[in-house]
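Each chain, letter by letter, is given below.
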Amino acid sequence: MRLGLQLGYWTPVPAPDTPELVAAAERFGFDSVFAAEAWGSDAFTPLAWWGSRTSRLRLGTSVAQLSARTPAACAMHALTLDRLSGGRFILGLGVSGPQVVEGWYGQPFAQPLARTREYVSIVRQVLAREAPVVNNGRHYPLPYQGPGALGLGKPLKPIAHPLRPDVPIMLGAEGPKNVAMTAEIADGWLAIYYTPRLADMYNEWLDEGFARAGARRSREDFEIVASCQIVLTDDRAAAIRAMKPVLALYIGGMGASDMNFHADVFARMGYPEQVEAIGRLFRAGRKEEAAAEVPDALVEDVALIGDVEQVRAQVAEMERAGVTTLLVGCGSVEQIEQLSSALVVEVEHVLD
């Protein structure tokens, strides 16, 4: 089991102590640091800026949004950052949702799985640099020959030679079809709101992908990077209350009323009525009431909370469920040191 530091995206500006957090993550044995993007800061630049001060941490996007850049442009980012970091880059990709894709990027959201499959194929072609890149799919045709084309496009190989022809690609996926495709075409799954209680269900989805012809990985060499909050505390009730407003935001506010993938995750966990109530209250502007509707059990499903021994037991449960990395947000150097001293050495000793 490994620990990764989630920097997230800026709201509204980067935390002033981010360089210290990244340095501490490397110093105290974290495996990786990830950056995200929504509709403000991008996921690549922070990794290049703050990652340049590190020598060991893997640097990942969690996630870079497909519609933000063409597949070839994304591959250029990956090629460049992997070279500059000495082969430490992880390309984490995700489709986002229709509100962002159509409202911010001005792109159609339809057929997200097919778009993802084409996108990953093109990125892999660029990084492999074995032949000029072509794609006959409907979403990202290369060369482009559609409306407005001059007919002069030609297949190209990247001028720059990738340091690694096979940079790891992980996908942020939430639904069963997307998770199965992730197991088929990716090197890892970036799981948000993962609960070991439903490991059997997740494993069914993953096994479907592993069993497909041409699958890249098997369970033995596939990474599951699960985002979660870890709170070492003797006051579990207070920690649970503190997490509810953010969960209410994602359940009620990070998606449309009739298409919210985060809300679907919690409905599958067994909270459909609560999810409906939270969404209704949040969209009505009654955010405190929405947070109050979040069940304690829901928080405990997706967060690791308690004293050191309790959290170690929960980490062991995540490991048994197949998780290889816990991706956590930390607000201070002290918290990073605390998690490292409480978990990293013990996890390696107990679980490995």
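Anything mentioned here points back to the structure above.
These lines cover the structure that appears in this document, whether it is placed above or below. (Residues numbered from 1 in each chain as written. Predicted model: local features only at pLDDT ≥ 70, side-chain atom pairs only at ≥ 80, totals over all residues. Heavy atoms only, no water.)

1. A word on the overall build of the chain
Helix and strand content of the chain: 14 helices and 11 strands. The C-alpha radius of gyration of the chain comes to 20 Å, within 12% of the 20 Å expected for a compact globule of 352 residues. Considering the chain as a whole, with its 352 residues, one finds that 50% of them fall into the buried category. Contacts spanning at least 24 positions in sequence make up 75% of the contacts within the chain whose residues lie at least 6 apart. Carbon and sulfur atoms provide 55% of the accessible area of the chain, an area that totals close to 16,400 Å². Here the chain contributes 32 positive and 42 negative side-chain charges, whose respective centroids are spaced 8 Å apart. (Helix = DSSP H or I, 4+ residues; strand = E, 2+ residues; numbered from the N terminus. Rg over C-alpha atoms; globule rule 2.2 N^0.38 Å. Buried < 20%, exposed > 50% of the residue type's maximum accessible area, 1.4 Å probe, protein only. Contact = heavy atoms within 4.5 Å. Areas by Shrake-Rupley, 256 points an atom, 1.4 Å probe, with all protein chains shown as cover. Lys, Arg positive; Asp, Glu negative; His and termini not counted. Charge placed at Lys NZ, Arg CZ, Asp CG, Glu CD.)

2. Observations regarding unusual backbone geometry
Pro-12 follows Thr-11 through a cis peptide bond whose omega is -5°. For Pro-12, the location among the structural elements is in the loop between strand E1 (2-6) and helix H1 (18-27). In this structure, Val-63 follows Ser-62 across a cis peptide bond, with omega equal to 0°. Along the chain, Val-63 turns up in the loop between strand E3 (58-61) and strand E4 (64-65). Positive phi outside glycine occurs at Arg-129, with the angle close to 50°.

3. Concerning the layout of surface pockets
Considering only enclosed or pocket space, the second largest pocket measures out at about 410 Å³ in volume. Elements that contribute at least two residues to the lining of the second largest pocket include exactly helix H3 (71-84) and helix H5 (112-128). Broken down by class, the residue content of the lining of the second largest pocket amounts to 11 nonpolar, five polar and three charged. (1 Å grid on protein atoms, 1.4 Å probe; cavity = no way out; pocket = protein on both sides within 12 Å on 5 of 7 lines; lining within 4 Å. Points joined across faces, edges and corners; volume = space filled by probe spheres on them. Nonpolar A, V, L, I, M, F, W, Y, C, P; charged D, E, K, R; others polar.)

4. A look at the nonpolar core
Core analysis: the largest hydrophobic core is formed by 98 residues, its most contacted members being Leu-93, Trp-189, Tyr-194, Ile-230 and Leu-326. With seven residues, the single largest contributor to this core is helix H8 (residues 236-252). Other than its neighbours up to four places away in sequence, Ile-230 contacts Leu-3, Leu-304, Val-311, Leu-326, Val-328, Gln-335, Leu-339 and Leu-343. (Core = buried A, V, L, I, M, F, W, Y, C linked by side-chain atoms within 4.5 Å.)

5. Things to note about the side chain of Glu-26
You can see Glu-26 is positioned in helix H1. It turns out Glu-26 is buried and unbridged, and the closest side chain with the opposite charge, Arg-56, is 4.6 Å from it. In terms of polar contacts, Glu-26 uses its side chain to reach the backbone amide nitrogen of Arg-56, at 2.7 Å. With residues up to four places along the chain from it excluded, the contact list for Glu-26 reads Arg-53, Thr-54, Ser-55, Arg-56 and Leu-57. (Salt bridge = Lys/Arg side-chain N within 4 Å of Asp/Glu carboxyl O. Polar contact = N/O pair within 3.5 Å; in protein donor to acceptor, adjacent residues only side chain to side chain.)

6. Examining H8
Owing to its 3.6 residues per turn, the α-helix brings residues three or four apart onto one side. Across its 17 residues, H8 extends 24 Å between first and last C-alpha, which sits within 8% of the 24 Å expected from 1.5 Å per residue. Within H8, the axis deviates most sharply at Lys-244, by approximately 30°, and proline Pro-245 lies no more than four positions further along. For H8, the complete set of buried residues consists of Ala-239, Ile-240, Met-243, Lys-244, Leu-247, Ala-248, Tyr-250, Ile-251 and Gly-252. (Expected span 1.5 Å × (residues − 1). Bend = angle between axes of the 7 residues up to and from the residue.)

7. Here we look at the pattern of salt bridges
Under the criterion given, the structure shown has 20 salt bridges. Among the ionic pairs, Asp-207 bridges to Arg-219, the shortest N-O distance being 2.6 Å. With Asp-207 in helix H7 (residues 199-210) and Arg-219 in the loop between H7 and strand E8 (223-227), this pair connects stretches of sequence that are 12 residues apart. Asp-207 gets classed as partly exposed once you look at its relative accessible area, which sits at 39%. On the basis of relative accessibility, which here comes to 34%, the residue Arg-219 falls in the partly exposed class. Where Glu-300 meets Arg-236, a salt bridge forms, and the shortest distance between an N and an O atom there is 2.4 Å. In this pair, Glu-300 is assigned in helix H12 (residues 296-302) and Arg-236 in helix H8, connecting sequence segments 64 residues apart. Exposure remark for Arg-236: the relative accessible area of 26% places this residue in the partly exposed category. Residues participating in the shared-partner salt-bridge network are Arg-124, Asp-166, Asp-187, Arg-216, Arg-217 and Asp-221.

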